[in-house]
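Fold and geometry: a report
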Amino acid sequence: VTLAPRLRKFVFTAHVVSSVGWLGAITGFLALAVASLTSDETETVRGAYLAMDVMGWFVLVPLAFASLLTGLVQSLGTHWGLFRHYWVLFKLLINVVATVLLLMYTQTLDALADTARESDHLLRSASPTLHASAALVLLLVATTLAVYKPRGLTPYGQRKQREAAQTSR
Amino acid sequence: MSYKSPEETGTPRWVKVFGVIAALVVVLLIVLLVFGGGHGPQRHGSSPAAGVTMPQ
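Residues numbered from 1 in each chain as written. Chains lettered and ligands numbered in written order. Predicted model: local features only at pLDDT ≥ 70, side-chain atom pairs only at ≥ 80, totals over all residues. Heavy atoms only, no water.

Of the regular secondary structure elements, chain B holds 1 helix and 0 strands. Within chain B, buried positions represent 16% of all 56 residues. Total accessible area computed for chain B in this model is approximately 4300 Å², and 70% of it derives from carbon and sulfur atoms. (Helix = DSSP H or I, 4+ residues; strand = E, 2+ residues; numbered from the N terminus. Buried < 20%, exposed > 50% of the residue type's maximum accessible area, 1.4 Å probe, protein only. Areas by Shrake-Rupley, 256 points an atom, 1.4 Å probe, with all protein chains shown as cover.)

If you want it as structure tokens, here you go:
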């Protein structure tokens, strides 16, 4: 399936916006996580945990799915394919792993927000800072791969290229 | 003689480096999960006894 040029540009724009938006949102989330860990003010710490929970569900999760979905359409609808180039394959793996971990981590964010809402005493957890830092590294790697597009065909991509060369003769 | 494009010269070095790093990270995470006392919301729990209490 090859997307029409106009649709391809639209999907590409949506993919860039959602992916870079996800990266930016993680950076903002990391700032809140650091504040929750280092601030001496009760209300700041409590507010940071509540904000991280809202951000997780209503910013990070939608952006992650938008990035994954538009990336799938973009790769399957162009000559790049999904399994032909190593950089596309690595980006797909990073996106899937990051999305699954994020979905699992929303449970932790819910638990931390519940504690912040209901208890006079709060656990100062390094967990959001660690997870947000790891996510930031993963998304920076994915962005770098997308920009540089390092060469390298998978065995499947090499076979497809040979088949295409044979049929064009 | 069959023609091979520059991309068809085996697995690129950067892929091997990425693979090794990914494998090391996975092993490290497994070790942390197995010997680090578990993972998940219960680990980050809500018991005041488990962590630093808020400044009042």
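Having seen the model, we can carry on.
Residues and elements named next belong to chain A. At their nearest, the axes of helix H2 (residues 42-76) and helix H3 (residues 86-118) sit 9 Å apart, and the two run at 160° to each other. With respect to each other, H2 and H3 are oriented roughly antiparallel. Like other packed secondary-structure pairs, H2 and H3 cross with a definite hand, here left-handed. For the contact of H2 with H3, the residue count by class is 19 nonpolar, 6 polar and 4 charged. (Axes fitted to C-alpha atoms, helices over the stretch in contact; angles between N-to-C directions. Parallel < 35°, antiparallel > 145°, perpendicular 65-115°, else oblique. Left-handed = near helix turned anticlockwise from the far one by under 90°. Nonpolar A, V, L, I, M, F, W, Y, C, P; charged D, E, K, R; others polar.)

All names here are of chain A. Here the second largest pocket defines a volume of roughly 580 Å³. Every residue lining the second largest pocket is counted, 26 residues in all, and those nearest its centre are Phe12, His15, Trp87, Lys91 and Ala146. Of all elements in the fold, only helix H1 (5-38), H2, H3 and helix H4 (127-148) reach the threshold of two or more residues within the lining of the second largest pocket. Grouping the constituent residues of the lining of the second largest pocket by class yields 16 nonpolar, 8 polar and 2 charged. (1 Å grid on protein atoms, 1.4 Å probe; cavity = no way out; pocket = protein on both sides within 12 Å on 5 of 7 lines; lining within 4 Å. Points joined across faces, edges and corners; volume = space filled by probe spheres on them.)

Another aspect to go through is H4(A). A rise of 1.5 Å per residue sets the reference length of H4(A), with its 22 residues, at 32 Å; its end C-alpha atoms lie 32 Å apart and thus fit the reference within 8%. By the burial criterion, the buried members of H4(A) are A:Ser127, A:Pro128, A:Thr129, A:Ala132, A:Leu136, A:Leu139, A:Ala142 and A:Leu145. In this structure, the buried residues of H4(A) make contact with H1, H2 and H3 of chain A together with helix H1 (13-35) of chain B. Where H4(A) ends, the next residue or the one after it, A:Lys149, has phi of about 45°, a positive value. (Expected span 1.5 Å × (residues − 1). Contact = heavy atoms within 4.5 Å.)

On to the nonpolar core. Ranked by internal contacts, the top residues of the largest apolar core, which has 23 residues, are A:Trp22, A:Ile26, A:Phe29, A:Tyr49, A:Met52, A:Leu60 and A:Leu102. Counting residues in each nonpolar core, the second largest holds 9 residues, with A:Val88, A:Phe90, A:Ile94 and A:Leu145 among its members. (Core = buried A, V, L, I, M, F, W, Y, C linked by side-chain atoms within 4.5 Å.)

Among the surface-exposed residues, B:Val26, B:Val27, B:Ile30, B:Val31, B:Leu33, B:Val34 and B:Phe35 lie close enough to one another that they form a single nonpolar patch of about 680 Å² accessible area. Within the secondary structure, B:Val27 sits in helix H1. (Patch = residues over 30% accessible without salt bridge, like charges linked within 9 Å, V, L, I, M, F, W, Y side chains within 5 Å. Salt bridge = Lys/Arg side-chain N within 4 Å of Asp/Glu carboxyl O.)

Turning to the pattern of salt bridges, a few remarks are in order. Residues and elements named next belong to chain A. One pass over the structure, following the stated rule, counts 3 salt bridges over all chains. With a shortest N-O distance of 3.9 Å, Glu163 and Lys160 are connected by a salt bridge. Placement of both Glu163 and Lys160 in helix H5 (residues 155-167) is noted, with a separation of 3 residues, approximately one turn of the helix. By relative accessible area, which is 28% here, Lys160 ends up partly exposed.

Here we come to the confidence of the model for chain B. Low pLDDT means the predicted coordinates in that region are not meant to be read closely. All names here are of chain B. For chain B, per-residue confidence averages 70 on the pLDDT scale, and residues scoring 70 or more make up 48% of the total. Counting interchain partners and residues more than four positions distant, the pLDDT-below-50 stretch residues 44-56 has 29 contacts. Two summary scores accompany this predicted model of the complex, namely pTM at 0.86 and ipTM at 0.78. (pLDDT = per-residue confidence, 0-100.)

Looking now at the side chain of A:Ser67. Residue and element names in this part refer to chain A. Here Ser67 is to be found in helix H2. Take Ser67: its relative accessible area is 2%, and that puts it in the buried class. A distance of 2.9 Å separates the side chain of Ser67 from the side chain of Ser19, its partner in a polar contact. (Polar contact = N/O pair within 3.5 Å; in protein donor to acceptor, adjacent residues only side chain to side chain.)

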